[in-house]
Protein chains: 6
Amino acid sequence: MNKIAITRCEHFNAAHRLHNAKWSEEKNKEIFGKCNNPNFHGHNYELEVKIIGYCDEETGYVIDTKILSDLIEDKILKRFDHKNLNLDTEEFKTLNPTVENIAIVIYEILRQDIEEQLELKIKLYETPRNYVEYPY
Amino acid sequence: MNKIAITRCEHFNAAHRLHNAKWSEEKNKEIFGKCNNPNFHGHNYELEVKIIGYCDEETGYVIDTKILSDLIEDKILKRFDHKNLNLDTEEFKTLNPTVENIAIVIYEILRQDIEEQLELKIKLYETPRNYVEYPY
Amino acid sequence: MNKIAITRCEHFNAAHRLHNAKWSEEKNKEIFGKCNNPNFHGHNYELEVKIIGYCDEETGYVIDTKILSDLIEDKILKRFDHKNLNLDTEEFKTLNPTVENIAIVIYEILRQDIEEQLELKIKLYETPRNYVEYPY
Amino acid sequence: MNKIAITRCEHFNAAHRLHNAKWSEEKNKEIFGKCNNPNFHGHNYELEVKIIGYCDEETGYVIDTKILSDLIEDKILKRFDHKNLNLDTEEFKTLNPTVENIAIVIYEILRQDIEEQLELKIKLYETPRNYVEYPY
Amino acid sequence: MNKIAITRCEHFNAAHRLHNAKWSEEKNKEIFGKCNNPNFHGHNYELEVKIIGYCDEETGYVIDTKILSDLIEDKILKRFDHKNLNLDTEEFKTLNPTVENIAIVIYEILRQDIEEQLELKIKLYETPRNYVEYPY
Amino acid sequence: MNKIAITRCEHFNAAHRLHNAKWSEEKNKEIFGKCNNPNFHGHNYELEVKIIGYCDEETGYVIDTKILSDLIEDKILKRFDHKNLNLDTEEFKTLNPTVENIAIVIYEILRQDIEEQLELKIKLYETPRNYVEYPY
C-alpha cells in the first residue's frame, strides 16, 4: 500500500518589511532593496498545506479537509491575515519575515496539531511568480 | 543521466456522494457532512497524469503526450466523465468515491497500460482548493 | 464622475441533469447528450457577482465586499452548494438547470437584496472552459 | 469598421490601511474591520490596462504593447510597487486607498499619457477574489 | 427579458512574425523589435468565443456549446493550430499577424456560421499578459 | 534543520519544429505529426526554476530571487525568447527541441552558475496542459 498526499489551499494577506536589525541601514538597503522599505509593503499569500499518509479504509480519507481547513483558519489565518508581520506578530518580532521564514514558522505551528504519523509539507506563494516549499 | 517527468492535464466532471454503507445514517452525516447528501453533488475534476523515465535519444520524448492523452481519454474520461460515480461505475459501487480513492483507482487503471520501466503518478483536483497526489 | 464596478468571486459545487420533461427520452438524449445522464453529473461552479455604481466619498466603497460576500453565502451558497439542483432546490424542480438558467436564477435572487441604484451582473463558470454572463 | 481593445497585464504589491481621518476610531473599526489595522496589511495587485481604438492598417496595432508596458512601469509601478500607499505616496495621503480609489487614481494618471482618441479602462485585482473595473 | 452571453474557451498554438512588406528592414526592426525575427517565434493562443442572445425556453441554451466547440474546431483550430501563420495560411499571407488582426480574422470567419440574431465577440490571449477583444 | 526550496517563475516564447534529421520525412511525420510542420509552430513557455538548500540565518534567504531572476533573464530568456529554437540557437541546431530536451538544456546552462551546494530543478510548461520536470 502506498502513501497519498492531500493538499488544502488557503489565503491570507499581510504587510511586511525585510530587515536584519544587526545590520546597518546601508547593508539592509543593499541586500533587501525595495523590500526593505521602512514603511512596509505587502502581499497576498497563497498557502498550500499538504498532509501525507495512508488512506483510511473506513472513511476513504487521509485527513478530513474540513478539519484541516478549520485548523489552518484557527492557527494560521487568525494569526497572520490582515496583519503587519513585523509589528503585529510574536513570530516575526526579531525573525526576518522572508517567504522562507514564514513557511518554516507555519510548518512549526501546524506540526504541533497534526498527528505524528502524518507528514506535513508547506507551499507558500508570496507572489504568483515566487514560492517556497518546506521541508523539501 | 537523470530521469525526467512529463505531465499531461485532462478534465472530467462527475456527480458523487460520500457514504459508508456499513455505517448508520447518523454516523455518515456526522463524518461526511454535506458531502453525504443522498441526492449527490458534483465536481469538475482536473486530472494530471505524470510519467517518469528517461528521455529517448531518437525522439526526445519520455512518452508521446498524444498517445498518453488518447490513453487517458479511452480509459478514464470515457469511464468517469459526466457520470454518477456511485451509480454509473463499477469501481465505486462499494468503494467510497473520496478524491483519495478516485486518484488511487485512476492509478490502478492506467498502471496496466504504461510500460513497466516508466513510473506513474496521479494528481487530482476535486476543487481549485483541494487536491491529492498518488503515490506520494 | 464615472461609475465603477466591483466584483466578488465565490464558489459552490452541485450535481445536475439537463432534461426537458415535455420531451421524449430520445429527444432529451439527442439534444442534451451525456448531460442528460439520468443519474446526474456535477460541476464546481465559480460565481462572480459584479456591482456597478458610484464610489461613496466617505468610505471609498461602491459596496462593502464583506457585506456582499455574506449576502452571497446566505442567499446562494446555502441554497445550492453540495446540492442536487434538480432534486434539492425549488428553483430547478421544473426549470432546466443549464448554466444560463442558473445564472438568471442567481441574478433574480440577489437583485432583491441589492439597492435599486446599483446595477448587478452575474458571471458563472460551469467548467474552466464554459461560462455565462447575465444580463449582457 | 469596429473598435478593438488590447489589454496589458502588470503587477505591483503594496501595504495599505483603510481609514477615514474624519471618523472616530470606533467608526473606522466598525466600517473597515480588519482592513483598518493601524499597522497596515498588504496585497499583490494585478493590474490590467485596456486601450480601445481602431487597428492601425500599417502596423496592425491599436497601440504597441511594449510602449504601453513601459508607460505603466514608469507612471504606476515606480510610484506604487513595494510602497506603503498611505505613507509613501502623495495620492493616498488623504484619499482612502480602497481598491476602487486606487483604480480611479491609476486611470487619472495614465489618461494624461494616452492619446485622446483612445479609450482607457482599468481592471484591478486586490485579491484573486475581489476586483474593480473603472470606468464601467 | 434580458440577453445573456455564453463563452467557450479553446486553444491553439502557432508561429508568426510581425512584418510589413511595404517597409524597409530597418523600419520593420524599429517598429516590431524582436517580434520581427525573420525566423519566426510563437505563442499558445487562448481563444474565447462569446455568443450573445436570448435563452431558448425549451432548451435553456443560448447556443449548444458542443456545437459551438465543434464549429471552432472545424473553422479555426484546423486552420491555425500548429501552423506558421505567415507561411501556412491564406489569411496572413499579406496581412500582418498581430494579435489584433488574428482576432479580427477569427471573428470574420466565425461570423458566417453564427445565426444573424446572435452577437459574436472574440477574446484572444497572445500571452498570459496580452489579450485583445473584438469587436469592443 | 531541513532544506527548503524557492522557485522563481519566468516566461519566454519561441518557434520550434520537432524533427529527427536521421529519419525519412515519412517517419518524421508519423512520429511527430503536426509538430513536424516544416514551417514551424510555437509556444509560450512558462519556466519555473527551483533552488533547494538551507535558509541563510542572516538574510532569511535560500537565494535572493532578484539575483536568480536576473540570472534567468541573462542566461535563458536572452537566448531563447522570441527565437526560432531550431534555426536561431546553437543548442537545438541538431538536438530535437522537445519540451524534455529544452528543460534539460536549461538545467545544464543554469547549473554552471548556481553554487554547488544548492540543488536545481526545472519545470517547463509547453502548453497549459503539458509540462516536464527535470531532474525528477
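See the structure printed just above.
As the structure is a prediction and not an experimental result, all values here were calculated from the model. (Residues numbered from 1 in each chain as written. Chains lettered and ligands numbered in written order. Predicted model: local features only at pLDDT ≥ 70, side-chain atom pairs only at ≥ 80, totals over all residues. Heavy atoms only, no water.)

Draft legend 1. Structural context of the overall build of chain A. Looking only at helices and strands, one finds 4 helices and 5 strands in chain A. Each helix (α) and strand (β) of chain A, taken in turn from the N terminus, gives the series β-α-β-α-β-α-α-β-β. Oriented by its inertia axes, the alpha-carbon framework of chain A measures out at about 60 × 25 × 25 Å. Of the contacts made within chain A by residues no fewer than 6 positions apart, 67% connect residues no fewer than 24 positions apart. Carbon together with sulfur atoms contributes 48% to the accessible area of chain A, which is approximately 5,800 Å² in total. (Helix = DSSP H or I, 4+ residues; strand = E, 2+ residues; numbered from the N terminus. Contact = heavy atoms within 4.5 Å. Areas by Shrake-Rupley, 256 points an atom, 1.4 Å probe, with all protein chains shown as cover.)

Draft legend 2. Structural detail: the packing of helix α2 (residues 65-80) of chain D against helix α4 (residues 99-111) of chain D. All names here are of chain D. Where α2 meets α4, the axes come as close as 10 Å, and the angle between the chain directions of the two elements is 140 degrees. Judged by the angle between their axes, α2 and α4 are oblique. With respect to the hand of their crossing, α2 and α4 are arranged in right-handed fashion. Residues Leu71, Lys75, Ile76, Arg79 and Phe80 of α2 form the contact with α4, whose participating residues are Val105, Ile106, Ile109 and Leu110. Across the contact of α2 with α4, the residue classes tally to 7 nonpolar, no polar and 2 charged. (Axes fitted to C-alpha atoms, helices over the stretch in contact; angles between N-to-C directions. Parallel < 35°, antiparallel > 145°, perpendicular 65-115°, else oblique. Left-handed = near helix turned anticlockwise from the far one by under 90°. Nonpolar A, V, L, I, M, F, W, Y, C, P; charged D, E, K, R; others polar.)

Draft legend 3. Representation of the interface of chain D and chain A in the model. Taken together, the 23 residues of chain D in the interface contact 23 residues of chain A. Between chain D and chain A, a total of about 1,700 Å² is buried, with carbon and sulfur atoms accounting for 47% of that surface. By the criterion of area lost to chain A, the three top residues of chain D are Asn39, Asn44 and His82 of chain D, representing 33% of everything that side buries. Seen at the junction of chain D and chain A, the total is 2 salt bridges. Inspection of the chain D/chain A interface yields 19 residue pairs in polar contact (both at pLDDT 80 or more). Elements with a minimum of two residues in the side of chain D that touches chain A: β1 (4-16), β2 (41-53), β3 (83-84), α3 (85-88) and β4 (119-127) of chain D. Looking at the side of chain D that touches chain A, the element that brings in the most residues is β2 of chain D, giving 5 residues. (Buried area = accessible area lost by both parts, 1.4 Å probe. Salt bridge = Lys/Arg side-chain N within 4 Å of Asp/Glu carboxyl O. Polar contact = N/O pair within 3.5 Å; in protein donor to acceptor, adjacent residues only side chain to side chain.)

Draft legend 4. Layout of the pattern of salt bridges. All names here are of chain F. Considering all chains together, one arrives at 66 salt bridges over all chains under this definition. In this structure, Lys66 and Asp70 form a salt bridge, with 3.0 Å as the shortest nitrogen-oxygen distance. Taken together, the positions of Lys66 and Asp70, both in helix α2 (residues 65-80) and 4 residues apart, correspond to about one turn of that helix. By relative accessible area, which is 53% here, Lys66 ends up exposed. Overall, Asp70 belongs to the partly exposed group, its relative accessible area being 38%. Of the charged contacts in the structure, one is a salt bridge between Lys78 and Asp74, with a shortest N-O distance of 3.3 Å. (Buried < 20%, exposed > 50% of the residue type's maximum accessible area, 1.4 Å probe, protein only.)

Draft legend 5. The arrangement of the interface of chain B and chain F in detail. Contacts between chain B and chain F engage 23 residues on the former and 20 residues on the latter. Buried area between chain B and chain F, both sides added, is near 1,900 Å², and the carbon and sulfur share of it is 48%. When the buried area of chain B at its contact with chain F is split by residue, Ile4, Glu58 and Tyr61 of chain B rank highest and sum to 26% of it. Between chain B and chain F we count 2 salt bridges in total. In this structure, the salt-bridge partner of Lys50 of chain B is Glu133 of chain F, at a minimum N-O distance of 2.5 Å. Along the contact surface separating chain B from chain F lie 12 residue pairs in polar contact (both at pLDDT 80 or more). Every element with two or more residues in the side of chain B that touches chain F is listed here: β1 (4-16) and β2 (41-53) of chain B. Sort the elements by how many residues they give to the side of chain B that touches chain F and β1 of chain B lands first, with 8 residues.

Draft legend 6. Local environment of the side chain of Thr98 of chain D. Within the secondary structure layout, Thr98 of chain D lies in the loop between α3 and α4. The exposure class assigned to Thr98 of chain D is buried, which follows from its relative accessible area of 1%.

Draft legend 7. Structural detail: the relation of the copies chain D and chain A. Note on the copies: chain D fits chain A at an RMSD of 0.0 Å, the axial shift is 0.0 Å, and the rotation between them is 180 degrees. Here the symmetry operator amounts to a two-fold rotation axis. In this assembly, 100% of the residues forming the interface of chain D have copies in chain A that are likewise at the interface, indicating an isologous arrangement. (Least-squares fit on C-alpha atoms with pLDDT ≥ 70 in both.)

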